[in-house]
Amino acid sequence: MSALLPEDRRWLDAAVRYATPFQGTTAENPAVAALIVLPSRQTVLARAVTGRGGRPHAAAEAIAAAGFEAAGSTLYLTLEPCQHWGRTPPCVASIIRSGIMRVVIGVADSDPRTAGASLAQLESAGVEAILADHAPSRALHVGHIMRHTAGRPHVTAMLAMSSDGMIGQVGAGYERHVGPAARQWMDMLRARSDAVMVGAATARQDDPALAVTLPGLAADTPLRVVLAGAGGIDRKVNLIGGFSGYRTMILAENSVTVDAPVSVEVIRVAGAEGRPDLGKAMQALAKKGIQNLLVEPGQRLVGALLDTGLVDRVVLLTGTSVLGPEAVSAVPGQVFTDVLAAQGFVGCEREALGGDNLMIYERAARPH
Ligand SMILES: NC(=O)c1ccc[n+]([C@@H]2O[C@H](COP(=O)([O-])OP(=O)(O)OC[C@H]3O[C@@H](n4cnc5c(N)ncnc54)[C@H](OP(=O)(O)O)[C@@H]3O)[C@@H](O)[C@H]2O)c1
C-alpha cells in the first residue's frame, strides 16, 4: 500500500469539517464527505456530502459534479466507499469509471457488505487506494461504526446542572439551569443527532417538545423517543399528543399500556417490571437506522444507562444558579464527575458558553 502524503491529512481534516454539520440528517447512512482534488494545484474540483436521508452517496455525487475533469485527480473520503449494491449502485464502480487515480480514505467501513473490500477492488483496477486511519474521520463515523460492530447507536447523555451539581427541584418540572448560549449549543447537538430520547417521567413532568429551535434548523429536529416505564405513557404529554410535525417513537416493554395516535411509532421490547431492557432498546434503535443517540436523562435514567455501560459520551453544561441540598442531583449522594471518573470517563473538551461551562467526557477506549 502506498504512503500517505503530508497534504493528505489536511484534506481529510477539511473533509471532516465539511461533513460535521450534516450529521443527524443522513440516517441510516453516515454523513460522509468526498473531496475531489487536483494534485498538481492542490485545489478542490468538486465536493459532496451524503444526501438527506442517506442518499445520494457523497463519492458518486462529487464524481458527477467533477465530470471528465475527475481524470487523474485524488479523491478524499472520510469513509471507505461502498462496493455493494444497496439502494444506490456501488461507489467503487463510479470511482473506477471516473479516471480518479488515487483514493485516500479516512476510516474503513464496518458495514460487513464493504468492510475493507473496496480497497482491494480499487487497487486491482489500478487505482491507488490508501487507508489513512484518520482519527477525526473515525470520530465522525463513530455512530455508524458502533451500529455495525456493537449493534447499538453511539450514546451521548446530556445534562444541564446548577453550579452545585443539581439537575432539578422535586416536582418543579422544566427549569432553565443554563443561559442562551449553552441552550443553543444543546440545540445544535440535538440537530446533529439521529434521535433524542427522554424517560417517561421527564416527558410527563417537563413536557418538552425536544425540537430544534435554532433559526432555520427546525427540519433537523431528530426522531424524538420516549422511553416508557411501568406506568406506560399517554397522549396527554406534548411529545405524544401535541401536534408538531416531528417524528416521535415510544419504546415500551411488551406488557405496558401505551395510548398514542397512529402517527407515533411504538416499538415493543422485552424487559422487566414494565421497563424496557435498555440494551434491547438500544438494539431496536440501531435496527431503525439510529447511529447517534442523544439522551437527555433525569436522575433515574442516567443512573440506569451508566450502570449498564450504555453511555459513550457525557455532555455536562453547568450554569451559575445554586439549587441547594434539597434539589435533585444527577446521582444520589455522589458527585457526578466522580462517578464518571470511576467509570473510566475522561474530560476531553472544555468551553465557556456565555457565563456557563461546557465539559465533554468520553470513555477512554473507543470502538475500532
Ligand atoms: N437538568 C437536566 O439536564 C435534566 C434532564 C432531564 C430530566 N431532568 C429532570 O429529571 C426529572 C425526572 O427524572 P427521573 O429520575 O424521575 O426520571 P428520568 O430520568 O426522566 O427517567 C426515568 C423514566 O424512564 C422510565 N424508564 C423506562 N425504562 C427504564 C429503565 N430501563 N431504567 C430506568 N428508567 C426507565 C422510568 O419508568 P418508571 O416510571 O417505571 O420508573 C421513568 O419514567 C424531571 O423533573 C426533569 O426536570 C433534568
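Attention in this report is confined to the structure presented alongside it. Predicted model only: the values in this text are computed from it and were never measured. (Residues numbered from 1 in each chain as written. Predicted model: local features only at pLDDT ≥ 70, side-chain atom pairs only at ≥ 80, totals over all residues. Heavy atoms only, no water.)

## Remarks on the packing of helix H2 (residues 58–66) against helix H3 (residues 91–98)
Part 1 of the reasoning: Between H2 and H3, whose axes approach to 9 Å, the crossing angle comes to 25°. In this view, H2 runs roughly parallel relative to H3, as classed from their interaxial angle. Crossing handedness for the pair H2 and H3: left-handed. Along its contact with H2, which presents Ala59, Ala60 and Ile63, the element H3 presents Cys91, Ser94, Ile95 and Ser98.
Part 2 of the reasoning: Taken together, the residues of the contact of H2 with H3 break down into five nonpolar, two polar and no charged. (Axes fitted to C-alpha atoms, helices over the stretch in contact; angles between N-to-C directions. Helix = DSSP H or I, 4+ residues; strand = E, 2+ residues; numbered from the N terminus. Parallel < 35°, antiparallel > 145°, perpendicular 65-115°, else oblique. Left-handed = near helix turned anticlockwise from the far one by under 90°. Contact = heavy atoms within 4.5 Å. Nonpolar A, V, L, I, M, F, W, Y, C, P; charged D, E, K, R; others polar.)

## Focus on the pairing of strand S2 (residues 43–49)
Part 1 of the reasoning: Sheet analysis places strand S1 (residues 33–38) next to S2, joined by six bridges and oriented antiparallel. Bridged to alanine 33 within S2 is valine 49.
Part 2 of the reasoning: Linking S1 back to S2 in an antiparallel pair, the connection comprises four residues, with glutamine 42 at a positive phi of about 55°. (Pairing = 2+ DSSP bridges.)

## Things to note about the environment of tyrosine 18
Part 1 of the reasoning: By the element assignment, tyrosine 18 lies in helix H1 (residues 6–19).
Part 2 of the reasoning: Classification of tyrosine 18 as buried rests on a relative accessible area of 18%.
Part 3 of the reasoning: Separated by 16 residues in the primary sequence, tyrosine 18 and alanine 34 place their C-alpha atoms 9.0 Å from one another.
Part 4 of the reasoning: If we ignore the near neighbours within four places in the chain, the residues touching tyrosine 18 are Ala33, Ala34, Leu35, Arg47, Ala48 and Val49. (Buried < 20%, exposed > 50% of the residue type's maximum accessible area, 1.4 Å probe, protein only.)

## With respect to the site of the ligand
Part 1 of the reasoning: Around the ligand, 25 residues are found, and the nearest of them are Ala160, Thr202, Asp206, Ala230 and Arg300.
Part 2 of the reasoning: Between an oxygen atom of the ligand and a main-chain N or O atom of alanine 230, the distance comes to 2.8 Å.
Part 3 of the reasoning: For the shell around the ligand, the secondary-structure elements that each account for two or more residues are strand S6 (154–161), helix H8 (200–205), strand S13 (275–276) and helix H11 (299–307). (Near = heavy atom within 4 Å. Polar contact = N/O pair within 3.5 Å; in protein donor to acceptor, adjacent residues only side chain to side chain.)

## Some words on the pairing of S6
Part 1 of the reasoning: Among the eight residues of S6, eight are classified as buried, and the element is accordingly described as predominantly covered.
Part 2 of the reasoning: Every second residue of S6 is oriented toward a common face, with His154, Thr156, Met158 and Ala160 on one face and Val155, Ala157, Leu159 and Met161 on the other, all of them buried.
Part 3 of the reasoning: Where S6 and strand S14 (residues 292–295) come together, four bridges link them in parallel fashion. Its bridge partner lying in S14, valine 155 is registered against leucine 293.
Part 4 of the reasoning: Taken together, the six bridges between S6 and strand S15 (residues 313–318) define a ladder with parallel strand orientation. When the sheet's bridge partners are listed, alanine 157 is paired in S15 with valine 314.

The values reported here are purely geometric and, on their own, carry no functional implication.
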